[in-house]
Amino acid sequence: MGKDVIVACDFSSKKQVLDFLELFEQEERKPFLKIGMELYYAEGPEIVREIKRRGHRIFLDLKLHDIPNTVRKSMAVLSRLDVDIVNLHAAGTVNMMKAALEGLLREDGTRPLLIAVTQLTSTDQKSLEEDLMIHEPIDKVVMHYALKAKEAGLDGVVCSPLEAKKVHDTCGADFLTITPGVRFKDSDVGDQKRVMTPKAASEIGSDYIVVGRPITAAPDPVAAYRRCCEDFINEGV
Ligand code: C5P
């Protein structure tokens, strides 16, 4: 898998997501989709099977974090859904991340890519110190967690496009960066604080961008998706 645009399907029901996907029926390029907790908990694993049947690749964003044995067994279940990317919290420790990788391995030797969340972007320096009792600078903590994910054998991390270069410098060019917080120059920033255009994210070396509302809430989602692919994928060629 290479550089791609992942559309965040932040919908709460099967109907909403399937109506959205109908728009792309005639598209040659089937969008790579991110399915999050809301849709998964509302509709269960069947929604993943249904979307896979339609030919889309899926990043299942459930951010697992539990004891290694539980995560190993849960990842085995997710792997059988034939998803393409799954994720977990690096805070679960190297042992948990290694157990997750073991669980993901399919009988034929393949597995989904496994990506770590380092620190949520909703965590700031103050909450890091006051709530989590971590007194190091947040940037240092993020890079430390990224290195731990690499040590455990994971494929990459979710990070801001602004951190992508540093992650590659620290963990290697082949360690994947999946970056949300992407906006067209002329689109609404919404609740995102630090944003980058698809073109800039491409230049800085993001491997995958996760784009939600600039596509899902656009008057013409297919045109917005095409524009995003043009700016992000073709830019780096
Ligand atoms: O609509 P928008 O483009 O802001 O959607 C971004 C997607 O990426 C959402 O699904 C959001 O939950 C997710 N995300 C994020 N920031 C992170 C991690 C995930 O925006 N740090």
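Our subject is the structure that appears above.
Residues numbered from 1 in each chain as written. Predicted model: local features only at pLDDT ≥ 70, side-chain atom pairs only at ≥ 80, totals over all residues. Heavy atoms only, no water.

Q: Talk me through helix α7 (residues 138–152); I want residue IDs and the actual numbers.
A: Here α7 spans 21 Å end to end across 15 residues, near enough to the 21 Å set by a 1.5 Å rise per residue. Listed as buried for α7 are I138, V141, V142, M143, Y145, A146, A149 and A152. Residues of α7 that are buried in the fold lie against α5 (93–104), β5 (113–117), α6 (125–130), β6 (156–158) and α8 (161–171). One or two positions beyond α7, positive phi appears at G153, with a value near 100 degrees. (Helix = DSSP H or I, 4+ residues; strand = E, 2+ residues; numbered from the N terminus. Expected span 1.5 Å × (residues − 1). Buried < 20%, exposed > 50% of the residue type's maximum accessible area, 1.4 Å probe, protein only. Contact = heavy atoms within 4.5 Å.)

Q: Can you lay out the layout of surface pockets for me, pointing to particular residues and giving the numbers?
A: When its volume is computed, the largest pocket comes out at roughly 1200 Å³. Forming the walls of the largest pocket are 44 residues, and the residues nearest its centre are T121, V158, P180, G181 and Q192. Elements supplying a minimum of two residues to the lining of the largest pocket: β2 (32–36), α2 (37–43), β3 (58–64), α7, α8, β8 (208–211) and α10 (213–216). In terms of residue class, the lining of the largest pocket is made up of 18 nonpolar, 13 polar and 13 charged. (1 Å grid on protein atoms, 1.4 Å probe; cavity = no way out; pocket = protein on both sides within 12 Å on 5 of 7 lines; lining within 4 Å. Points joined across faces, edges and corners; volume = space filled by probe spheres on them. Nonpolar A, V, L, I, M, F, W, Y, C, P; charged D, E, K, R; others polar.)

Q: Describe the site of the ligand, naming the residues involved and giving the relevant values.
A: Neighbouring residues of the ligand: A8, D10, K34, T121, P180, R183, Q192, V210, V211, G212, R213 and P214. Within the side chain of D10, one N or O atom sits 2.8 Å away from an oxygen atom of the ligand. G212 has a polar backbone atom sitting 2.8 Å from an oxygen atom of the ligand. Judged by the proximity of its atoms to the pocket grid, the ligand belongs to the largest pocket. Every element with two or more residues in the shell around the ligand is listed here: β8 and α10. Tallied by class, the residues present in the shell around the ligand amount to five nonpolar, three polar and four charged. (Near = heavy atom within 4 Å. Polar contact = N/O pair within 3.5 Å; in protein donor to acceptor, adjacent residues only side chain to side chain. Sits in = over half its atoms within 2 Å of the grid points.)

Q: Let's hear about the side chain of S202: which residues, and what values?
A: Among the structural elements, S202 can be located in helix α9 (residues 198–204). For S202, a relative accessible area of 6% puts it in the buried group. Polar side-chain contacts of S202 include one of 2.9 Å to the backbone oxygen of F232.

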